[in-house]
Amino acid sequence: MATGYAAKVTCSLALNSGQNPVQVFRDYVSLELSPFGPALRVSVSERGAEASAFGLIHVRAVYRRGLGCTLVPDGSEERLALAKGIDLPRRRLDPAVPWPDGGAGPAAPSPSPEIAAAIERAFREPNPPEPGRVRQTKAVVIVQDGRLVAERYAPGYGPRTPMLSWSMAKSVTATLVGIMVGDGRLALHAPAPVPEWSAPTDPRHAITLDQLLRMSSGLAFDEHYGAINDVSRMLFTKPDTGAFAASSPLEAPPDTIWSYSSGTANVVARMLRDAFGGDLAALVSYANGRLFDPVGMTSAFIEPDASGTPIGSSFAFMTARDWARLGELHRRDGVWNGQRILPAGWVRYVTTPTRGAPNGQYGAFWWLNAGAPEDRSRRMWPGVPTDAYAATGHSGQYVVVVPSAKLVVVRLGLSFPDDGNEGVAELVADVMRALR
């Protein structure tokens, strides 16, 4: 698992995000893999990355144009679909046109002192330093009422740097699901089209796409991060993430418990690919043509696994400005410049609390700040309005949407440890005060 993680994540951050692989490994990957870091070695070339442990275990991740890095844990590089990558035409944004329709920067040459101070706090490391804790904020983008108000980047990062989602990819996956549901390619409340569950006698046969999106499928899946768990095995040792997750047994009847699972996201991602007959290129073309390019998210892509399934749980890449566009699309109820991208009612659906989710904190592949129905003060971020919702990811990735404030806040980083202390709630609250 550790060598798979080292190869995959170092490859992605170096070749997708343009970061120095030595620094990536030293300042992030080795911390994530403690105490195994000293035993690992990683080499990176333009074709990918290879990691080894103790000089014995070797795992390779292959870089392909337009698809990013794919782990080949069984060495089956020659069997990869689209082995040479994919080169589809993408929309080009006019650099002179203001965001979000073009590529220009913030509307004002510099943010207000209050906004600047809020962003400065978001980039500040713990003081005094805490051993084993780094915030490592890499990007902050502030959008208010559809205007790019402010942005800031760490050295080595900028407006054109595609940045790792971790679990924010689930919200991208949900957005593509919404478009496919609107097109009639998928059905929310019918049994999910999963080959492993197709027999009517299979206890998982009745699981619906809705239950998968709401993390209430009842499937057993160990999401406790560490050396031995389902999510790490799936992401860093398995060539087919969807098949691995689909093999999970039921631990409870569907729709009776809520249990967060990256596995269900990859079952759903495989459903997206299967809707095109397993043709990854067709799915990529659909995603570009129906979502990414119309909204101006022209840097966006999802890295696939070795079987050709997009890893919809964890590995989407796009620039911080494009992550803000994802949030802004939802703030606008799925309509972009008069064109309906998401079906009517979809944003309301994904932001409706799931029965059983503690304190109203989860919708459909989006986290919510709704609070407990009986006590709204019991919510994820008490200092932020209850209508806020967010795409969130490991190591401090956030796209926070606050409809009542017409606000979208993006915070991206490589924080360690992953304990929710990256300061995003304070950032959102500070920005709201500054805008008032």
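Everything numeric in this text was worked out from a predicted model, so none of it was measured.

Some points on the overall build of the protein chain
Thought 1: Per the secondary structure count, the protein chain includes 12 helices and 15 strands.
Thought 2: Taking 22 Å as the expected radius of gyration for a compact globule of 436 residues, we find that the protein chain reaches 21 Å, a close match to that expectation.
Thought 3: By principal-axis analysis of the C-alpha atoms, the protein chain measures approximately 55 × 50 × 45 Å.
Thought 4: Across the 436 residues that make up the protein chain, the buried fraction comes to 58%.
Thought 5: For the protein chain, the computed accessible surface area is about 17,200 Å², with 53% contributed by carbon and sulfur atoms.
Thought 6: Between the centroid of the 43 positive side chains of the protein chain and the centroid of its 42 negative side chains there is a distance of 4 Å.

Quick look at the nonpolar core
Inside soluble globular proteins, nonpolar side chains tend to come together where they are buried.
Thought 1: Counting residues in each nonpolar core, the largest one holds 133 residues, and the members touching the most others are Leu213 and Trp323.
Thought 2: Beyond its immediate sequence surroundings of up to four residues, tryptophan 323 is in contact with Met163, Ser165, Met168, Val172, Ala316, Met318, Val399, Val410 and Leu412.

Some details on the layout of surface pockets
Thought 1: Of the volumes computed, that of the largest pocket is approximately 1,000 Å³.
Thought 2: Lining the largest pocket are 43 residues, and of these Arg90, Thr298, Ser299, Ala300 and Asp322 lie nearest its centre.
Thought 3: For the lining of the largest pocket, the element with the highest residue contribution is helix 9 (residues 280-295), accounting for six residues.

So, the environment of serine 12
Thought 1: When you line up the elements, serine 12 lands in helix 1 (residues 2-16).
Thought 2: A sequence separation of 94 residues divides serine 12 from proline 106, and the C-alpha atoms of the two residues are 28 Å apart.
Thought 3: If sequence neighbours within four positions are ignored, serine 12 has contacts with Ser17, Cys69, Glu303 and Phe317.
Thought 4: A distance of 2.5 Å separates polar atoms of two side chains, one belonging to serine 12 and the other to lysine 8.

Here's the deal with the state of the cysteines
Thought 1: This structure, assessed with the given rule, holds one disulfide.
Thought 2: The disulfide bridge from cysteine 11 ends at cysteine 69, spanning 2.1 Å between sulfur atoms. Judged by the torsion about the S-S bond (-75°), the cysteine 11/cysteine 69 disulfide is left-handed. Of this pair, cysteine 11 sits in helix 1 while cysteine 69 sits in strand 4 (residues 68-72), placing them 58 residues apart in sequence. We note that cysteine 11, like cysteine 69, is buried.

Considerations on the packing of helix 6 (residues 230-237) against helix 8 (residues 262-274)
Thought 1: Packing of helix 6 against helix 8 brings their axes to within 9 Å, and their N-to-C directions diverge by 40°. In terms of orientation, helix 6 and helix 8 fall into the oblique class. Together, Val231, Met234 and Leu235 of helix 6 and Ser262, Gly263 and Asn266 of helix 8 make up the contact between the two elements.
Thought 2: A breakdown of the residues in the contact of helix 6 with helix 8 according to their chemical character gives three nonpolar, three polar and no charged.

Rules behind the numbers
Residues numbered from 1 in each chain as written. Predicted model: local features only at pLDDT ≥ 70, side-chain atom pairs only at ≥ 80, totals over all residues. Heavy atoms only, no water. Helix = DSSP H or I, 4+ residues; strand = E, 2+ residues; numbered from the N terminus. Rg over C-alpha atoms; globule rule 2.2 N^0.38 Å. Buried < 20%, exposed > 50% of the residue type's maximum accessible area, 1.4 Å probe, protein only. Areas by Shrake-Rupley, 256 points an atom, 1.4 Å probe, with all protein chains shown as cover. Lys, Arg positive; Asp, Glu negative; His and termini not counted. Charge placed at Lys NZ, Arg CZ, Asp CG, Glu CD. Core = buried A, V, L, I, M, F, W, Y, C linked by side-chain atoms within 4.5 Å. Contact = heavy atoms within 4.5 Å. 1 Å grid on protein atoms, 1.4 Å probe; cavity = no way out; pocket = protein on both sides within 12 Å on 5 of 7 lines; lining within 4 Å. Points joined across faces, edges and corners; volume = space filled by probe spheres on them. Polar contact = N/O pair within 3.5 Å; in protein donor to acceptor, adjacent residues only side chain to side chain. Disulfide = S-S within 2.5 Å. Axes fitted to C-alpha atoms, helices over the stretch in contact; angles between N-to-C directions. Parallel < 35°, antiparallel > 145°, perpendicular 65-115°, else oblique. Nonpolar A, V, L, I, M, F, W, Y, C, P; charged D, E, K, R; others polar.

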